[in-house]
Amino acid sequence: QVQLVESGGGLVQAGGSLRLSCAASGRIFSSYAMGWFRQAPGKEREFVAAISWSGTSYADSVKGRFTMSRDNAKNTAYLQMNSLKPEDTAVYYCAADIKPFPSKFSPYWGQGTQVTVSS
């Protein structure tokens, strides 16, 4: 079992930055691929970024603005978000998966953290 807790969300103006954290407990953190997803009101949950032993990947909508990283010694994954836009407003969720690439079917999820970008 893996427990995930996100933090770092908040209200920021367009063009600003936030860093989200996802703290994991339970099984060996380094064995899991980690991902960030987001869900805006009235929309489906969508992929944002993922990191695994093979590297990182990003949704086209955040490429060049967001950076995902992980610190296995701290059992924590991060999402650095720069040049934020109002359309980035959503609840951001952290996911963990033993498979190489997290998806909406991944078994472990955090409770989410709200990110609101004002124009």
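Fair warning: this is a prediction, and the values are worked out from it, not measured in the lab.

(A) Expanded view of the sheet that holds strand β8 (residues 76-81). The antiparallel open sheet is built from 4 strands, whose spatial order is β1-β3-β8-β7. This sheet does not close on itself; its edge strands, each paired only once, are β1 (2-7) and β7 (66-71). For this sheet the average axis-to-axis angle between neighbouring strands, irrespective of direction, equals 15°. Sheet topology places β1 next to strand β3 (residues 18-26); 6 bridges connect them, and they run antiparallel. Residue pairing in the sheet places V5 in a bridge with A23 of β3.

(B) Region of the structure containing the pairing of strand β5 (residues 46-52). For β5, the tally of buried residues reaches 5 of 7 residues, placing the bulk of the element in the interior. Where strand β4 (residues 33-39) meets β5, 5 bridges bridge the pair, whose relative direction is antiparallel. Opposite R38, over in β5, you have E46 as the bridge partner. Where β4 hands over to β5, the hairpin turn is made up of 6 residues, of which G42 adopts a positive phi near 80°. Across 4 bridges, β5 lies against strand β6 (residues 55-58) in antiparallel orientation. Residue pairing for β6: A50 is matched across the bridge by S57. In this structure, the hairpin formed by β5 and β6 is closed by a connection of 2 residues.

(C) Highlighting the packing of aromatic side chains. Scanning all chains against the criterion turns up 4 aromatic pairs. When the centroid spacing of 6.0 Å and the interplanar angle of 70° are considered together, the rings of Y32 and Y108 count as edge-to-face. Here Y108 lies in strand β10 (residues 108-109) and Y32 lies in the loop between β3 and β4, a separation of 76 residues in the sequence. Here Y32 matches Y108 in class, with each residue buried. An aromatic cluster is built from F37, F47, F101 and W109, whose rings are joined through pairwise contacts. Lying across the ring of Y93, R45 places its NZ or CZ 3.8 Å from the centre. A cation over an aromatic ring shows up here: R45 above the ring of W109, its NZ or CZ 4.8 Å from the ring centre.

Analysis parameters
Residues numbered from 1 in each chain as written. Predicted model: local features only at pLDDT ≥ 70, side-chain atom pairs only at ≥ 80, totals over all residues. Heavy atoms only, no water. Pairing = 2+ DSSP bridges. Helix = DSSP H or I, 4+ residues; strand = E, 2+ residues; numbered from the N terminus. Axes fitted to C-alpha atoms, helices over the stretch in contact; angles between N-to-C directions. Buried < 20%, exposed > 50% of the residue type's maximum accessible area, 1.4 Å probe, protein only. Phe/Tyr/Trp six-rings, centres within 6.5 Å; stacked < 30°, edge-to-face > 60°. Lys NZ or Arg CZ within 6 Å of the ring centre and 35° of its normal.

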